[in-house]
Amino acid sequence: MNRGGGVDISGFMLAIAPVALSPGASFTLAMNNVIHRGITGVFSVIAGTLIGIYIHASLVGLGVTQLLARYPPVMKTLQLTGTLYLLWLALRLVASGIQAWRRPQQNTGHGAGIKEALLANLFNIKAILLWLTVAPAFAGTAFMHYLLLASIHVAIMASWLLLCGGAIVLTTRRFSVRWLKVVVDTGGGLFLFILTLSSALAMLK
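Not measured: the values here are computed from a predicted model.

Colleague: Help me understand the overall build of the chain in this model?
Modeller: Helix and strand content of the chain: ten helices and zero strands. Along the chain, helices and strands appear, N-terminal first, in the series α-α-α-α-α-α-α-α-α-α. A separation threshold of at least 6 residues defines the contact pool for the chain, and within that pool the share at least 24 residues apart is 84%. Surface exposure of the chain reaches about 10,400 Å², of which carbon and sulfur atoms provide 71%.

Colleague: In this structure, what is going on with the layout of surface pockets? I would like to understand it.
Modeller: Rolled over the atoms, a probe sized like a water molecule indicates the empty space that remains. In this structure, the largest pocket encloses a volume near 550 Å³. Val-19, Gly-24, Ala-25, Asn-124 and Lys-126 are the residues nearest the centre of the largest pocket, which is lined by 33 residues in total. Among the secondary structure elements, those contributing two or more residues to the lining of the largest pocket are α1 (9–21), α2 (25–37), α3 (41–61), α5 (72–102), α6 (114–122), α7 (125–134), α9 (143–172) and α10 (177–204). Taken together, the residues that form the lining of the largest pocket break down as 19 nonpolar, 13 polar and one charged. What the second largest pocket holds in volume is close to 150 Å³. Lining of the second largest pocket is provided by Ile-55, His-56, Leu-59, Thr-65, Leu-68, Met-75, Leu-78, Leu-122, Phe-123 and Ile-128. Where the lining of the second largest pocket is concerned, the elements lending two or more residues are α3, α4 (64–69) and α5. With three residues, the top contributor of residues to the lining of the second largest pocket is α3. Here the lining of the second largest pocket is built from residues that sort into eight nonpolar, two polar and no charged.

Colleague: It is not clear to me how the nonpolar core should be interpreted in this structure. Could you clarify?
Modeller: Nonpolar side chains in soluble globular proteins tend to be buried together. Counting 43 residues, the largest nonpolar core has Phe-12, Trp-131 and Leu-161 as its most contacted members. Broken down by element, this core gets its largest block of residues, eleven residues, from α9. Those residues in contact with Leu-161, other than ones at most four positions away along the chain, are Ser-26, Phe-27, Ala-30, Met-31, Val-42, Val-45 and Ile-46.

Colleague: Looking at this model, I keep getting lost on the packing of aromatic side chains. Mind explaining?
Modeller: The description of two aromatic rings rests on the distance between their centres and on the angle between their planes. Going through the model one piece at a time under the given rule, you end up with three aromatic pairs. Both rings, one in Tyr-85 and one in Trp-88, keep their centres 5.9 Å apart while their planes meet at 35°; by these two values the pair is tilted. One end of the pair, Tyr-85, and the other, Trp-88, are both in helix α5, three residues apart, so they sit about a helical turn from each other. Under the relative-accessibility criterion, Tyr-85 is labelled buried at 14%.

Colleague: Before we go on, may I ask you to explain the side chain of Glu-116 in this structure?
Modeller: One can find Glu-116 in helix α6. Look at Glu-116: it is buried, it has no salt bridge, and the nearest opposite charge is Arg-92 at 4.2 Å. Setting aside anything within four residues of it in sequence, one finds Glu-116 in contact with Leu-29, Tyr-85, Leu-89 and Arg-92.

Colleague: Help me understand a nonpolar patch on the surface, please; the structure alone is not making it clear to me.
Modeller: A contiguous nonpolar surface patch, about 780 Å² in accessible area, is contributed by Ile-51, Ile-55, Leu-59, Leu-62, Val-64, Leu-67, Leu-68, Tyr-71, Val-74 and Ile-114. Broken down by secondary-structure element, the contributors of at least two residues to the nonpolar patch are α3 and α4. With respect to the helices and strands, the residue Leu-67 is situated in helix α4. A residue is classified by how much of its surface remains accessible, and Leu-67, at 43% relative accessible area, is partly exposed.

About the cut-offs
The written sequence of each chain sets the order in which its residues are numbered from 1. Where local features are concerned, this predicted model is filtered to residues with pLDDT of at least 70; where side-chain atom pairs are given and counted, the filter is 80 or more; whole-chain, interface and lining totals use all residues. The basis for every side-chain value is the complete set of heavy atoms in the structure, and neither hydrogens nor water enter the calculation. A helix here means a DSSP run of H or I that spans at least four residues, while a strand means a run of E at least two residues long, and both kinds are numbered starting from the N terminus. Should any heavy atoms of two residues lie within 4.5 Å, those residues are counted as being in contact. Here the open area of atoms and residues is found with the Shrake-Rupley method and a 1.4 Å probe, where only the protein chains shown may cover a residue. Space inside and on the surface of the protein is sampled on a 1 Å grid over the protein atoms alone, with a cavity defined as a set of points where a 1.4 Å probe fits but cannot get out and a pocket as an open set with protein on both sides within 12 Å along at least 5 of 7 lines; lining residues have an atom within 4 Å of a point. Grid points are joined across faces, edges and corners, and a volume is the space filled by probe spheres set on the points. In this count, Pro and Cys sit with the nonpolar residues alongside Ala, Val, Leu, Ile, Met, Phe, Trp and Tyr, while Asp, Glu, Lys and Arg are called charged and the others, Gly among them, polar. Each nonpolar core is a collection of buried residues, namely Ala, Val, Leu, Ile, Met, Phe, Trp, Tyr and Cys, held together in the definition by side-chain atoms within 4.5 Å. Three exposure classes are used, based on accessible area relative to the maximum for each residue type with a 1.4 Å probe and protein chains only: buried under 20%, partly exposed in between, and exposed over 50%. Ring pairs shown here join Phe, Tyr and Trp side chains whose ring centres sit within 6.5 Å, with only the six-membered ring taken for Trp; geometry is labelled stacked below 30 degrees between planes, edge-to-face above 60, and tilted in between. A residue counts as positive if it is Lys or Arg and as negative if it is Asp or Glu; His and the chain ends are not included. By convention in these notes, a salt bridge is any Lys or Arg side-chain nitrogen within 4 Å of a carboxyl oxygen on Asp or Glu. Candidates for patches are residues over 30% relative accessible area with no salt bridge; among them, like charges are joined within 9 Å and nonpolar side chains (Val, Leu, Ile, Met, Phe, Trp, Tyr) within 5 Å.

So this is what it looks like as structure tokens:
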């Protein structure tokens, strides 16, 4: 952990890796996109999440997020907005999976775009708290250090999504795309729904 004014890259990588590699909104949206559009579908999620990460890093580096955190009603509003948005995304994924099961010949959606991935990251209270509480311990005092750490976060996240997306593509060569849509959309949506609810309940305690 950084105890001076410099940046601790190795410490941040160790701290951020479990978060970046754990399933969440970006992962769920990316895998859903792969089913609908192939490996290229990952890039819109990467782009949206990238923008979100740099916004979080910039706001924390400039002290804006710390200022907002002093006003509990503002943070509660962000939390509620983010929770409702992620729940809506989760239900949309579940509906897409059910539709793929009931109507195998019908196009069940086109996946998430940059805007959906960006909003999922911006309103994710876990992402806000990550950059508000964890990143400053490794970034030091310089604003550019936050952008450097954001770049590392993006690189880890993008590599993981592309790796998992490639595995899904290989799976589609052996299994029915229709049933993969059912499993990925429904399962991913339910997982995101439960994860979002559990995170929201934990914040209320």
